[in-house]
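Chain by chain, the residues:
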Amino acid sequence: VPVDGGQLQWSVLLPALNGVVMTCVSLLYANLISTTGTQLRNRQIKIQESLTNEINGIRGLAQLLPYYPEGSTSAKSQCGSQLMVYLKLLTLELSPDSDPLNLRSASPPLSSYREKLHGASVLPDGEALNDVIRERSYEMLDRVVSGRSSRISALQNTFPPLHYVTITALTAAILFVFLIETDRPVILFLDNFQLRLIWGLLVGTLTAIYCIGIDLSSPFV
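Let me sum up the structure you'll find in this document. Just so you know, these numbers come straight off a predicted model, no measurement behind them.

Some thoughts on the pattern of salt bridges
Phase 1: If you walk through the whole model with that rule in mind, you get six salt bridges.
Phase 2: We note a salt bridge from Arg151 to Glu93, for which the minimum N-O separation is 2.9 Å. With Arg151 in helix H4 (residues 131-156) and Glu93 in helix H2 (residues 75-93), this residue pair connects regions lying 58 residues apart in the sequence.
Phase 3: Classification of Arg151 as buried rests on a relative accessible area of 0%.
Phase 4: In this structure, Glu139 and Arg136 form a salt bridge, with 2.8 Å as the shortest nitrogen-oxygen distance. With a gap of three residues between them, Glu139 and Arg136 both fall in helix H4, about one helical turn apart.
Phase 5: Classification of Arg136 as partly exposed rests on a relative accessible area of 37%.
Phase 6: Several salt bridges converge on common partners, so that one network encompasses Glu54, Glu93, Arg148 and Arg151.

Below you can see the structure in the form of structure tokens.
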């Protein structure tokens, strides 16, 4: 049993904890939290912008469909059918059960739509697409393809598991150092309420950071 109540022990231990350990842990923890929050928020914004461009392109194609020819190839019905197939595919991809890692930029309905446009462009006069409608159709289709590629790229751009393991380890280290520094008979006896209050604030702050991280990890705002 130390006769000085552990004062000599703490005078030797505290400089190492406060001067080296906590400084390194705090700087790394703050840097990782800041980087994680910024990247996840930017990822949400990019997904939202990409999805907006994709929807606007689909809406533009739907508005152009009534001006497609209804000749022997029936470009209007074929392109409309492919557009409906893609809308169903998009609905499945946006469902909570969808796995972003299984998504692919290439989409058969969009490829078929483009082929139908190529075919309708070389039909005889009177059945071929109007030049203005064809140009606008390609423009809207490119917008859908570009929005889809950006959306899938953002969905699949995530942090490796080691990143979150490191944040968890640093959080545990901060709590552990706090318990070590407050493990003194004098503090536990005289400042019991204040100690519990500070511990509650520390745990509450870390919990709030965790909740914010979970919210930002969602691909949609």
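Comments concerning the nonpolar core
Phase 1: Counting 21 residues, the largest nonpolar core has Leu61, Tyr68, Tyr113 and Leu117 as its most contacted members.
Phase 2: Of all the elements in the fold, those that place two or more residues in this core are helix H1 (7-64), H2, helix H3 (108-121) and H4.
Phase 3: The contact partners of Tyr68, leaving out residues within four places of it in the chain, are Ala75, Lys76, Cys79, Tyr113, Leu117, Leu129, Ile133 and Ser137.
Phase 4: In terms of nonpolar packing, the next biggest core, distinct from the first, is built from eight residues, Val25, Ile167, Ile174 and Leu175 among them.

Overview of the side chain of Ser50
Phase 1: Counting through the fold element by element, Ser50 comes out in helix H1.
Phase 2: In contact with Ser50, not counting residues within four places along its chain, are Gly147, Ser150 and Arg151.

Observations concerning the side chain of His163
Phase 1: Along the chain, His163 falls in helix H5 (residues 161-181).
Phase 2: Beyond its immediate stretch of four places on either side in the chain, His163 contacts Leu32 and Thr36.

Re the packing of aromatic side chains
Phase 1: Counted by the stated rule, this structure contains two aromatic pairs.
Phase 2: A centroid spacing of 6.1 Å and a plane angle of 90° characterise the contact between Phe159 and Tyr164, whose relative ring orientation is edge-to-face.

Remarks on the packing of H5 against helix H7 (residues 192-217)
Phase 1: Where H5 meets H7, the axes come as close as 11 Å, and the angle between the chain directions of the two elements is 175°. With respect to H7, the axis of H5 lies roughly antiparallel. In this structure, H5 contributes Tyr164, Thr171, Ile174, Leu175, Phe178 and Leu179 to the contact, and H7 contributes Leu195, Ile198, Trp199, Leu202, Val203, Leu206 and Ser217.
Phase 2: Split into classes, the residues belonging to the contact of H5 with H7 amount to 11 nonpolar, two polar and no charged.

Definitions and cut-offs
- Residue positions are given per chain, counting from 1 as you read along its sequence in written order.
- Predicted model: local features are reported for residues with pLDDT of at least 70 only, side-chain atom pairs are reported and counted for 80 or more only, and whole-chain, interface and lining totals are derived from all residues.
- Side-chain numbers here rest on the full set of heavy atoms in the structure, without hydrogens or water.
- Every case where a carboxyl oxygen of Asp or Glu lies within 4 Å of a side-chain nitrogen of Lys or Arg is listed as a salt bridge.
- Strands here mean DSSP runs of E at least two residues long; helices mean DSSP runs of H or I at least four residues long; both are numbered from the N terminus.
- To sort residues, take the accessible area from a 1.4 Å probe on protein chains only and compare it with the maximum for the residue type: under 20% means buried, over 50% means exposed, and anything in between is partly exposed.
- Nonpolar core, defined: a set of buried Ala, Val, Leu, Ile, Met, Phe, Trp, Tyr and Cys residues in which side-chain atoms within 4.5 Å join the residues together.
- The contact definition used throughout considers only heavy atoms, calling two residues in contact when any of these lie within 4.5 Å.
- Aromatic rings from Phe, Tyr and Trp, taking only the six-membered ring of Trp, are treated as a pair when their centres fall within 6.5 Å; an angle between ring planes under 30 degrees marks them as stacked, one over 60 as edge-to-face, and anything in between as tilted.
- Angles run from 0 to 180 degrees between N-to-C directions of axes, and those axes are lines fitted to C-alpha atoms, restricted for helices to the stretch in contact.
- In what follows, roughly perpendicular refers to angles from 65 to 115 degrees, roughly parallel to angles under 35, roughly antiparallel to angles over 145, and oblique to any angle outside these ranges.
- Residues were grouped as follows: Ala, Val, Leu, Ile, Met, Phe, Trp, Tyr, Cys and Pro as nonpolar; Asp, Glu, Lys and Arg as charged; and all remaining residues, including Gly, as polar.

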